[in-house]
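An overview of the molecular structure
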Amino acid sequence: MPIMPDATTAPSPPPRWTQDAALALVFLTRLPLPPIGPLNGLLSGPLAEGASARAMGWFPPVGALIGLAGGVVYAAAAALHLPPLAGALLALAVTVRLTGGLHEDGAADVADGFGGGRDLARKLEIMRDSRVGSYGVLALVFSVGIRAAALAALPVPAAVAALAAAGALSRCGLAAMARVLPAARRDGLAAAQGRPAMATVLLALLFGIAIAALALGGLALPALAASLLAVAAMAALARRQIGGHTGDVFGAAQQAAEAAVLLTLSALIGAAA
């Protein structure tokens, strides 16, 4: 007599990489997971140990999707004959909407804390405050302004590629920052996330390099260098100011790296034109 399968048997868990990728998508964007297949209910229960740190390896692909969405808007604005700067601002507005302003908020908090705090405790207190001060406002103005100006200087196909590549490259060094720097707070989100393994750091770098190579071709290497230099500079600044990293520091590093990539590409493509 054949044995019928037990209808109450729980389905096998999805592969670990699926959970890591889904967690990266949930963390970096406001997009809901589709309620189908292995993603259904994936994050409803307790996460596997180390999943938050491993998710950093998948930040570049998610960043590329965010940048590509902005690139589509930039191309649509150009098709409607809008001025390049207006199209660039609309493209960045879409990326901010998709992320919920996660990185911009971090950059503003870092600017307020580093610029207005006299000692470590005060810097961390200011960074945790939800109010935005003058340093934070200026940081947002310069971040959006620099990125929009650099993007507006690019022709449409190059701008779309640049946004996708910048979205990936600006997030590919964050895992390395989290591994090298200690957490500045014991009770912060960054501390709870844990220290990523070297395999996660390498995965993020490989994703960033591969996406940049597909989008930029021969310009991928200088764009990668600009991104990593910006992240390294932010890491050095954070170590000096607060002794380590926080979630806000990651956001500030992403903003600096994205601006560095777009500036580098606008300079190189403009020089070749």
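Here, every reference points to the structure presented above.
The following paragraphs examine the structure supplied in this document. (Residues numbered from 1 in each chain as written. Predicted model: local features only at pLDDT ≥ 70, side-chain atom pairs only at ≥ 80, totals over all residues. Heavy atoms only, no water.)

**Details of the packing of helix α11 (residues 198-216) against helix α12 (residues 220-242)**
Stated precisely, the cut-off is as follows: An axis is simply a line fitted to the C-alpha atoms; with a helix, the fit covers only the stretch in contact. Between two such axes, the angle follows the N-to-C directions and lies from 0 to 180 degrees. To qualify as a helix, a DSSP run of H or I must reach at least 4 residues; to qualify as a strand, a run of E must reach at least 2; elements of each kind are numbered from the N terminus. Throughout this description, any angle smaller than 35 degrees is read as roughly parallel, any larger than 145 degrees as roughly antiparallel, any in the 65 to 115 degree range as roughly perpendicular, and the remainder as oblique. Note on convention: near helix rotated counterclockwise from far helix by under a right angle means a left-handed crossing. Clockwise means right-handed. What makes two residues a contact is simply this: any of their non-hydrogen atoms within 4.5 Å. Throughout this entry, Asp, Glu, Lys and Arg are counted as charged residues, while Ala, Val, Leu, Ile, Met, Phe, Trp, Tyr, Cys and Pro are counted as nonpolar. The remaining residues, Gly among them, count as polar.
Running from N to C, α11 and α12 cross one another at 140 degrees; their axes reach a closest spacing of 9 Å. One way to sum up the angle between α11 and α12 is to call them oblique. Note on packing geometry: the crossing formed by α11 with α12 is right-handed. Taken together, the residues of α12 that come into contact with α11 (itself represented by Leu205, Ile209, Ala212, Ala213 and Leu216) are Ala220, Ala223, Leu224 and Leu228. For the contact of α11 with α12, the residue count by class is nine nonpolar, no polar and no charged.

**A few points about the side chain of Ser170**
As a reminder of what qualifies: Think of it in three bands: residues with accessible area under 20% of the maximum for their type are buried, residues over 50% are exposed, and the middle band is partly exposed, with areas taken using a 1.4 Å probe on protein chains only. The term polar contact refers here to a pair of N or O atoms within 3.5 Å; inside protein, the definition further demands a hydrogen-donor-capable atom paired with an acceptor-capable atom, and it admits residues adjacent in sequence only when both atoms are side-chain atoms.
Tracing the sequence through the fold places Ser170 in helix α8 (residues 156-172). The buried category is assigned to Ser170, whose relative accessible area is 0%. In terms of polar contacts, Ser170 uses its side chain to reach the backbone carbonyl oxygen of Ala166, at 2.7 Å. Excluding anything up to four places from it in sequence, Ser170 contacts Ser227, Gln254, Ala257 and Glu258.

**What about the environment of Gly217?**
Mapped onto the elements of the fold, Gly217 is located in the loop between α11 and α12. Take Gly217: its relative accessible area is 41%, and that puts it in the partly exposed class. Taking C-alpha positions, Gly217 is 10.0 Å from Ala161, a pair spaced 56 residues apart along the chain.

**Comments concerning helix α5 (residues 102-116)**
Keep this limit in mind: Helix span, as expected, comes to 1.5 Å for every residue beyond the first.
Spanning 15 residues, α5 covers 21 Å between terminal C-alpha atoms, matching the ideal 21 Å at 1.5 Å per step. Regarding α5, the residues found buried are His103, Glu104, Gly106, Ala107, Ala108, Asp109, Val110, Ala111, Asp112, Gly113 and Phe114.

**Thoughts on the pattern of salt bridges**
Worth spelling out the cut-off: In what follows, salt bridge is the name for a side-chain nitrogen of Lys or Arg lying within 4 Å of a carboxyl oxygen of Asp or Glu.
Counted according to the given criterion, the structure contains five salt bridges. Glu125 is paired through a salt bridge with Arg122; the nearest N and O atoms lie 3.3 Å apart. Here Glu125 and its partner Arg122 are both found in helix α6 (residues 120-128), three residues apart, which amounts to about one turn of the helix. The partly exposed category is assigned to Arg122, whose relative accessible area is 38%.

**A look at the nonpolar core**
Our working rule: Buried Ala, Val, Leu, Ile, Met, Phe, Trp, Tyr and Cys residues that are joined via side-chain atoms within 4.5 Å together make up what is termed a nonpolar core.
Among the nonpolar cores identified, the biggest contains 38 residues, and Met56, Phe114, Met127, Met177 and Val249 are the most heavily contacted of them. Elements represented by at least two residues in this core include exactly α1 (16-28), α3 (59-79), α5, α6, α9 (174-180), α11, α12 and α13 (247-272). The element contributing the most residues to this core is α12, with seven residues. Counting residues in hydrophobic clusters, the runner-up holds 25 residues, among them Ala88, Ala165, Ala212 and Ala223.

**Describing α3**
Under the 1.5 Å per step criterion, the end-to-end length of α3 is 30 Å for 21 residues, consistent within 8% with the ideal 30 Å. Among the residues of α3, those classed as buried are Phe59, Pro60, Pro61, Val62, Gly63, Ala64, Ile66, Gly67, Gly70, Gly71, Tyr74 and Ala77. Taken together, the buried residues of α3 touch α1, α4 (84-99), α7 (134-152), α8, α9 and α11. Following α3 by one or two positions, His81 adopts a phi angle in the positive range, close to 65 degrees.

**Points about unusual backbone geometry**
For residues that are not glycine, phi is negative in most cases, and the peptide bond is trans in most cases. Residue His81 is not a glycine yet carries a positive backbone phi of 65 degrees. Relative to the elements of secondary structure, His81 occurs in the loop between α3 and α4.

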